[in-house]
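Structure at a glance
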Amino acid sequence: MNAVAIPLYDHNEYVRLETYVLHSSNEFQTGRNRPAVIVCPGGGYLCTSDREAEPVALRFAAQGYQVFVLRYTTYFKEYVPDLDESPPGNPHSVFPQPLYDLAHALLIVRRDAAKWHVDPDRITIVGFSAGGHLAASLGVHWADDFLHERFNVNRELLRPDALILGYPLVDHSLTMDAEKDEQFRELVYQAHFGHSNPTPEERKARSPVHFVTSRTPPTFLWHTADDDLVDARNSMKWALALAENNVPYELHVFESGVHGLSLGDETSAAEEAHMNSSCRIWFELALSWLRRKDIFLR
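Attention in this report is confined to the structure presented alongside it. A quick note: this is a predicted structure, and the numbers were derived from the prediction, not measured.

Conventions we followed
Residues numbered from 1 in each chain as written. Predicted model: local features only at pLDDT ≥ 70, side-chain atom pairs only at ≥ 80, totals over all residues. Heavy atoms only, no water. Helix = DSSP H or I, 4+ residues; strand = E, 2+ residues; numbered from the N terminus. Rg over C-alpha atoms; globule rule 2.2 N^0.38 Å. Contact = heavy atoms within 4.5 Å. Areas by Shrake-Rupley, 256 points an atom, 1.4 Å probe, with all protein chains shown as cover. Disulfide = S-S within 2.5 Å. Buried < 20%, exposed > 50% of the residue type's maximum accessible area, 1.4 Å probe, protein only. Salt bridge = Lys/Arg side-chain N within 4 Å of Asp/Glu carboxyl O. Pairing = 2+ DSSP bridges. Core = buried A, V, L, I, M, F, W, Y, C linked by side-chain atoms within 4.5 Å. Polar contact = N/O pair within 3.5 Å; in protein donor to acceptor, adjacent residues only side chain to side chain.

Looking now at the overall build of the chain. What the chain contains, in helices and strands, is eight helices and eight strands. Relative to the compact-globule value of 19 Å for 298 residues, the chain shows a C-alpha radius of gyration of 18 Å, a close match. Summarising its shape, the C-alpha atoms of the chain cover approximately 55 × 45 × 40 Å along the three principal directions. Restricting the contact set of the chain to residue pairs at least 6 apart, pairs at least 24 apart contribute 75%. Accessible area of the chain: about 13100 Å², with a carbon and sulfur share of 47%.

Structural data, given as structure tokens:
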């Protein structure tokens with residue numbers, strides 16, 4: 001496996017694409033291009049979670065995918081400091097820069113597909129929580145003029161072939177529980193909107209569920225019904241929007257599980273609550289779905 005970090009920009013080493021590219025062997029899968037996955041970890045646009053990065057990448061790589069983890073622009077760069085401290089960094093919104101980062105990453109993977117033995121027509125974006133918001137945002141905005149003008153490429157090159165969204169935030173009208181952690185919520189809004197009290201109009205403009213069309217990629221979604229940070233209705237509303245536009249989807253809402261489960265087992269758990277035997281089957285379900293979409297190792 002070739003594991004390297006590729007900075008997306010000369011001036012910023014943090015925003016990078018981490019590769020998990022399998023070697024081409026003369027003994028098996030000779031000369032075949034593989035499907036690819038770009039993983040967008042969550043973190044509320046404050047950071048990118050390690051728990052939703054390498055463990056997920058290695059799981060997909062073990063199934064024959066070429067995998068890329070995107071460390072996109074976030075408010076706190078590499079870590080979230082003690083929330084009692086004054087937040088460092090840029091006081092303004094990081095968005096839409098993360099969307100530019102993801103579009104740029106997708107173009108890099110397609111541009112260098114031959115070098116990495118990637119099938120450029122079988123690229124899935126996998127996003128968790130805020131990373132799910134980011135993946136969904138590209139899924140609905142890939143053909144928009146602002147991305148076309150920024151990258152000056154064929155719009156179709158910016159369209160993912162499929163999305164896998166884990167407990168994604170796609171509708172800002174479903175607000176986070178203020179009583180649970182008001183300071184965290186305000187920091188997330190600061191990162192996403194540039195201030196801590198977004199208007200209904202601002203919320204709608206940053207909610208990708210309102211922009212779903214028939215050209216939105218097929219989507220696999222999973223959530224937990226009692227997620228107390230990102231309401232499960234986010235995934236339900238995304239599925240409904242896809243259904244209304246005749247876009248294929250698969251939705252799994254598990255009865256119980258904390259937010260941020262990642263793989264739901266010991267490979268990605270930071271605490272006991274992250275070990276969830278009922279929810280960890282999402283990965284196998286997603287693989288089966290990708291196979292039905294013909295996005296698998298042939």
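After that view, the rundown keeps rolling.
With that settled, consider the environment of F146. Secondary-structure assignment places F146 in helix 4 (residues 145–151). When the C-alpha positions of F146 and R233 are compared, they lie 29 Å apart, and in sequence the two are 87 residues distant. The residues touching F146, leaving out its near neighbours within four places in the chain, are L99, Y100 and H141.

For the rest of this paragraph, the subject is the state of the cysteines. Here the structure, examined in full by the defined rule, presents zero disulfides. The thiol of C40 is unpaired, and the distance to the nearest cysteine sulfur, on C47, comes to 14 Å.

Moving on, we get to unusual backbone geometry. F95 connects to P96 through a cis peptide bond whose omega is 15 degrees. Position of P96 among the secondary structure elements: in the loop between strand 4 (66–71) and helix 2 (97–111). Positioned with a positive phi, N246 is a non-glycine residue whose angle comes to about 60 degrees. Within the secondary structure, N246 is located in the loop between helix 7 (233–244) and strand 8 (249–254). In this structure N246 comes out as exposed when scored by relative accessible area, which is 72%.

Evaluation of the coordinates by the stated rule reveals 14 salt bridges. Among the ionic pairs, R71 bridges to D50, the shortest N-O distance being 2.8 Å. Note that R71 is positioned in strand 4 and D50 in the loop between strand 3 (34–40) and helix 1 (54–61), a separation of 21 residues in sequence. The class of D50 is exposed, set by a relative accessible area of 54%. Among the salt bridges present, the one from D145 reaches R155, with a minimum N-O distance of 3.1 Å. In this pair, D145 sits in helix 4 while R155 sits in the loop between helix 4 and strand 6 (162–166), placing the two residues 10 residues apart along the sequence. Overlapping salt bridges, with partners in common, bring together R16, E18, D50 and R71 in one network.

If a strand is regular, its side chains alternate between the two faces of the sheet. Here strand 1 (residues 5–9) runs beside strand 2 (residues 12–20); their pairing, made up of four bridges, is antiparallel. Note on strand 2: the bridge partner recorded for I6 is L17. Counted along the chain from strand 1 to the antiparallel partner strand 2, the turn is two residues long.

I38, F68, L70 and W238 are the most contacted members of the largest nonpolar core, which has 56 residues in total. Among the elements that take part in this core, helix 2 stands out by supplying nine residues, more than any other. Not counting chain neighbours up to four residues away, the residues in contact with L70 comprise L8, R16, L17, I38, V39, C40, P41, T48, D101, L102 and A105.

A word on the side chain of E250. The topology assignment puts E250 in strand 8. A polar atom in the side chain of E250 sits 2.7 Å from the side chain of H252. Not counting the four nearest positions on each side in its chain, E250 is found in contact with T219, F220, L221, L285, W289 and R292.

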